[in-house]
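A structural walkthrough
Read off the chains here:
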Amino acid sequence: MRKAIELAQRAWGNTHPNPMVGCVLVEDGEVTAEGFHERDGAPHAERVAIASLMRNPGIGATLYVTMEPCSTKGRTGACTDAIIAAGIKRVVVGAADPNPAHAGGGFEVLRQAGIEVVTGVLGAECSDLNLIFNHWITHNGPLLAGKLAATLDGRIATRGGESKWITGEAARADVHRWRRLFPAIAAGAGTVITDNPSLTARIGGAPAECPIRFVFDGRLRTVDERNMPKVYSDEFSGRTIVVTTQHGGLGYVRKLRERGVGVWVFESPTGRVPFAQFRSRCAEEGICGVLFEGGAELMSRAMIERQLDYLLMYHAPLIFADERAKAVLSGLRAEHLRQAIRLEDIRRHTLGDDSLVRGRIAYPEKVQIDETLFSLG
């Protein structure tokens, strides 16, 4: 199953809106065929593995697959049909299909055909492969995830604004891996003005790859004809979408569109982009996941509006011990522990001297908000 997971990861970021799935066929204790789902519309992992064998599997062969084989015809045919036709008598599965309409259906079809089915092997790891797909299927909308990097005492910059670099090379490389997974990345106006980021995925020596890039700028402060940010002027500018409000001004909207930059305009009583409307628009456009990379105010606002679903929190072994250093998140008033935002389904990783804790966000029933900590836009 670990080999199947490794195979699935070869399609990292390429299968949206489909899941990553890996599969191996074992005969007499040896892997004799393998496959993975490469991209949307391509054959499923089970069919790839069975076809690559170029013969019928031997008696006693076992198929290992990271996700429950599909039992519906779809565009590429039901994988259960291929397994049955190949004469395979034992199937070991990691995670069940998260789709409530299909969950367990593949298992039942195989069992009715006389095939032994073993489920839940490395189930948590197999499910973790498809955070974005699982959320998209079960919530009918995109997974909105946030990435933050801070000191051990929860600061993202010194009182003078210095922040490069809090984390080390291994952690920063890992961020690019997550950028490669998500179909879209988002940043706030302040981050774009201050850091002028590329928001591309740069892994090893491979050419930069560009997801959809969202800039949250409710008042279009980032539009500067004399010094346009990279995301409006580089070779990937057509992949950039500015998310704004009617307070931004039609003139600036026109300038951006003339450059080939997309603009989504939402109605808002303030200069703040309404996250719920942004989520709905992403669902309409088929954008199944967005990774928010800052700044702190944008991320805090997303949490306050209960619109952030997942968090990746990097910590460096640094301590500022300075109350005027910039806090990683703010805006809530937690007078009791029960008012704290918590992470669930936690995964932990060590990256050089740094660490990553990531998990699904669980919101308390009631929170108090300190609106004085937020500017408009």
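Residues numbered from 1 in each chain as written. Predicted model: local features only at pLDDT ≥ 70, side-chain atom pairs only at ≥ 80, totals over all residues. Heavy atoms only, no water.

1. Some words on the overall build of the chain
Helix and strand counts for the chain stand at 12 helices and 18 strands. Buried residues in the chain amount to 50% of all 377 residues. Put simply, of all contacts in the chain between residues at least 6 apart along the chain, 71% involve residues at least 24 apart. As displayed, the chain offers around 18000 Å² of accessible surface, 49% of which is attributable to carbon and sulfur atoms. Placing the 45 positive and 44 negative side-chain charges of the chain at their respective mean positions leaves the two points 3 Å apart. (Helix = DSSP H or I, 4+ residues; strand = E, 2+ residues; numbered from the N terminus. Buried < 20%, exposed > 50% of the residue type's maximum accessible area, 1.4 Å probe, protein only. Contact = heavy atoms within 4.5 Å. Areas by Shrake-Rupley, 256 points an atom, 1.4 Å probe, with all protein chains shown as cover. Lys, Arg positive; Asp, Glu negative; His and termini not counted. Charge placed at Lys NZ, Arg CZ, Asp CG, Glu CD.)

2. Some remarks on the confidence of the model for the chain
Confidence in the prediction for the chain averages 91 pLDDT; 97% of positions are at 70 or higher. Looking across the chain, the model is least confident in strand S18 (residues 368-369), with a mean pLDDT of 68, and most confident in helix H1 (residues 2-8), with 98. (pLDDT = per-residue confidence, 0-100.)

3. Digging into helix H3 (residues 79-86)
Along H3, the residues classified as buried are Cys79, Thr80, Ala82, Ile83 and Ala86. For H3, the angular spread of the buried residues around the axis is 160°, confining them to a single face. Buried residues in H3 make contact with helix H2 (45-53), strand S3 (62-67), strand S4 (90-95) and helix H4 (105-112). Once H3 ends, the next one or two residues include Gly87, with phi positive near 80°. (Arc of directions from axis to C-beta.)

4. A look at the side chain of Ser237
Examined against the element boundaries, Ser237 turns out to sit in the loop between helix H9 (230-233) and strand S10 (240-245). Other than its neighbours up to four places away in sequence, Ser237 contacts Arg213, Val231, Tyr232, Arg259, Gly260 and Val261.

5. A closer look at the packing of H2 against H3
In the contact formed by H2 and H3, the axes pass within 9 Å of each other and the chain directions differ by 25°. One finds that H2 runs roughly parallel with respect to H3. The two elements H2 and H3 cross, and the hand of that crossing is left-handed. Every residue of H3 that contacts H2 at Glu46, Arg47 and Ile50 is listed here: Cys79, Asp81, Ala82, Ile83 and Ala86. Taken together, the residues that form the contact of H2 with H3 break down as five nonpolar, no polar and three charged. (Axes fitted to C-alpha atoms, helices over the stretch in contact; angles between N-to-C directions. Parallel < 35°, antiparallel > 145°, perpendicular 65-115°, else oblique. Left-handed = near helix turned anticlockwise from the far one by under 90°. Nonpolar A, V, L, I, M, F, W, Y, C, P; charged D, E, K, R; others polar.)

6. What to know about unusual backbone geometry
His16 connects to Pro17 through a cis peptide bond whose omega is 0°. Mapped onto the elements, Pro17 comes out in the loop between H1 and strand S1 (22-27). Along the chain, Lys164 connects to Trp165 via a cis peptide bond; the corresponding omega equals -5°. Note on placement: Trp165 falls in the loop between strand S7 (155-157) and helix H7 (169-181). With phi around 45°, Asn196 is a residue other than glycine that occupies positive phi space. On the secondary structure map, Asn196 appears in the loop between helix H8 (189-195) and strand S9 (212-216).

7. Remarks on the sheet that holds S4
Judged by pairing direction, the sheet is mixed, and its five strands sit side by side in the order S2-S1-S3-S4-S5 without closing on themselves. The sheet terminates laterally at strand S2 (30-36) and strand S5 (116-118), the two strands that pair on one side only. Direction aside, the axes of adjacent strands within the sheet are offset by 20° on average. The sheet contact formed by S1 and S3 spans four bridges and is antiparallel. Looking at the pairing, Val24 lines up with Tyr64 of S3. (Pairing = 2+ DSSP bridges.)

8. Let's talk about the side chain of Thr62
In this structure, Thr62 sits in strand S3. When its relative accessible area of 8% is taken as the criterion, Thr62 is described as buried. Polar contacts involving the side chain of Thr62 include one to the side chain of Arg90, which spans 3.5 Å. (Polar contact = N/O pair within 3.5 Å; in protein donor to acceptor, adjacent residues only side chain to side chain.)

9. Points about the packing of aromatic side chains
Aromatic rings considered in pairs are described by the distance between their centres and by the relative angle of their planes. Under the defined criterion, the tally for this structure stands at nine aromatic pairs. Plain terms: the ring middles of Phe216 and Phe278 are 4.8 Å apart, the flat faces sit at 70° to each other, and that makes the pair edge-to-face. Of this pair, Phe216 sits in strand S9 while Phe278 sits in helix H11 (residues 275-285), placing them 62 residues apart in sequence. Classification of Phe216 as buried rests on a relative accessible area of 5%. Plain terms: the ring middles of Phe216 and Phe292 are 5.4 Å apart, the flat faces sit at 55° to each other, and that makes the pair tilted. Here Phe216 is found in strand S9, whereas its partner Phe292 is found in strand S12 (residues 289-292), with 76 residues between them in sequence. On the basis of relative accessible area, Phe292 is assigned to the buried category, the value being 1%. Three or more aromatic residues joined by ring pairs make a cluster, and in this case those are Phe214, Phe216, Trp264, Phe275, Phe278 and Phe292. When the ring centre of Trp178 is taken as reference, the NZ or CZ atom of Arg177 above it lies at 5.2 Å. (Phe/Tyr/Trp six-rings, centres within 6.5 Å; stacked < 30°, edge-to-face > 60°. Lys NZ or Arg CZ within 6 Å of the ring centre and 35° of its normal.)

10. Considerations on the pairing of S9
Within S9, five of the five residues are buried, which leaves it mostly tucked inside the rest of the structure. Side chains Ile212, Phe214 and Phe216 project from S9 onto one buried face, and the interleaved Arg213 and Val215 project onto a second face that is buried too. One ladder, built from five bridges, connects strand S8 (residues 184-188) with S9; its direction is parallel. From the neighbouring strand, Ala186 faces S9, where its bridge partner is Phe214.

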